[in-house]
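# Summary of the model geometry
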Amino acid sequence: HETYPSPDGGYRVTLPHLDAGAKIEEQYIGPENHGVRFSDASGTAYRLLRIDNTVEKITVEKISDDSKSSESFHENHYVDSARGKELRLVGIKKEGSPLVSQKMEEGELITRKNDLYKADSIFMHGIYMYEVSAGVTASHGQSEDALYDEAKRNLDGFIKGLRIE
C-alpha cells in the first residue's frame, strides 16, 4: 500500500481507497501544524490534522464538552487504543462535502456544498493533538444512520494506517 508522509516526517498514513476523481490536498496551517485531505468525486473524504498544542493546551475533554452543546454531533464517546485515550465524535458537517449541488431558490440558481456525514478521532501524542476524520456524502435513499455507520467504518480503516514517527 502506498503511504502519504507528512512534510516533516512526523507521521505517515496509508492512502485510503478512493474512487474516480481522487485528490490529495495539503493544508498548511502554520510551522508546526499540518493537515492533509483525501477526497474523491463520490463525496468520500478523509482528513488528518496535526496541531502543536504547546500554546493553547486544548484537552480532549474540552473538545468533548464543547461538542455536547452542538447539534452537529450524533455521538460522543471515548475509546482506548494503542494511541491512548481517543475521543470519537460522529456528526454532520453542514456544507462540508467535496461535492456541490445546484438548485433553484426564489428564481435564482444556487450552488452550495453538500453536507458531510463524518466520524472523527481526536487524541494527543506528545505535544501534538491529532484529528483524524472520515466522511461520506449522502446519495439518494441512504438513511442518516447508514451514512454515520459508513463514516465510522471508513474512519476505523483509515486510522489503522496511521503511523506516528
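Residues numbered from 1 in each chain as written. Predicted model: local features only at pLDDT ≥ 70, side-chain atom pairs only at ≥ 80, totals over all residues. Heavy atoms only, no water.

## Things to note about the overall build of the protein chain
Counted only if it meets this: Going along the chain from the N terminus, every DSSP run of H or I of four or more residues is numbered as a helix, and every run of E of two or more is numbered as a strand. When we talk radius of gyration, it's over C-alpha atoms, and the globule rule is simply 2.2 Å times the number of residues to the 0.38. Each residue's exposure class comes from its accessible area (1.4 Å probe, protein chains only) as a fraction of the maximum for that residue type: buried when under 20%, exposed when over 50%, partly exposed otherwise. Working rule for contacts: check all heavy atoms of both residues, and any pair within 4.5 Å makes them a contact. The accessible surface values rely on the Shrake-Rupley method and a 1.4 Å probe; as for residues, cover is taken only from the protein chains in view.
Tallying secondary structure elements over the protein chain gives two helices and 12 strands in all. Ordered by position from N to C terminus, the α and β elements of the protein chain give β-β-β-β-β-α-β-β-β-β-β-β-α-β. A compact globule built from 165 residues should have a C-alpha radius of gyration of about 15 Å, and the protein chain, at 16 Å, falls within 12% of that. Oriented by its inertia axes, the alpha-carbon framework of the protein chain measures out at about 55 × 35 × 30 Å. For the protein chain, buried positions account for 40% of its 165 residues. Restricting to contacts in the protein chain with at least 6 residues of sequence separation, those with at least 24 account for 47%. About 9,400 Å² of surface is accessible on the protein chain, with carbon and sulfur atoms providing 49% of the total.

## Observations regarding the packing of aromatic side chains
Applicable threshold: Ring pairs are drawn from Phe, Tyr and Trp, using the six-membered ring of Trp, whenever the two centres fall within 6.5 Å, and their geometry is named by plane angle: stacked under 30 degrees, edge-to-face over 60, tilted for the rest.
Under the definition given, this model contains six aromatic pairs. Centroid distance Phe38 to Phe158: 5.9 Å. Interplanar angle 75°. Geometry classified as edge-to-face. With Phe38 in strand β4 (residues 33–39) and Phe158 in helix α2 (residues 144–160), this residue pair connects regions lying 120 residues apart in the sequence. Across the pair, Phe158 and Phe38 agree in class, each one buried. An angle of 50° between the planes, with centres 5.0 Å apart, marks the rings of Tyr46 and Phe158 as tilted. With a gap of 112 residues between them, Tyr46 in strand β5 (residues 45–52) and Phe158 in helix α2 connect regions that are remote in the sequence. Among the residues examined, Tyr46 registers a relative accessible area of 7% and is labelled buried.

## Considering the pairing of strand β10 (residues 116–125)
When a strand is regular, its side chains alternate between the sheet's two faces. Where we set the bar: The rule for pairing is simple: two strands pair if DSSP sees at least two bridges between them.
Of all 10 residues in β10, eight are buried; the element is thus mostly enclosed. Summarising the sheet, strand β7 (residues 84–93) and β10 pair through seven bridges and their orientation is antiparallel. Looking at the pairing, Ile92 lines up with Tyr117 of β10. Of the strand pairs in this sheet, β10 and strand β11 (residues 128–137) are connected by 10 bridges, and their pairing is antiparallel. Looking at the pairing, Ser121 lines up with Val132 of β11. Connecting β10 to the antiparallel partner β11 that follows it, the hairpin turn spans two residues, and Gly126 within it adopts a positive phi of roughly 65°.

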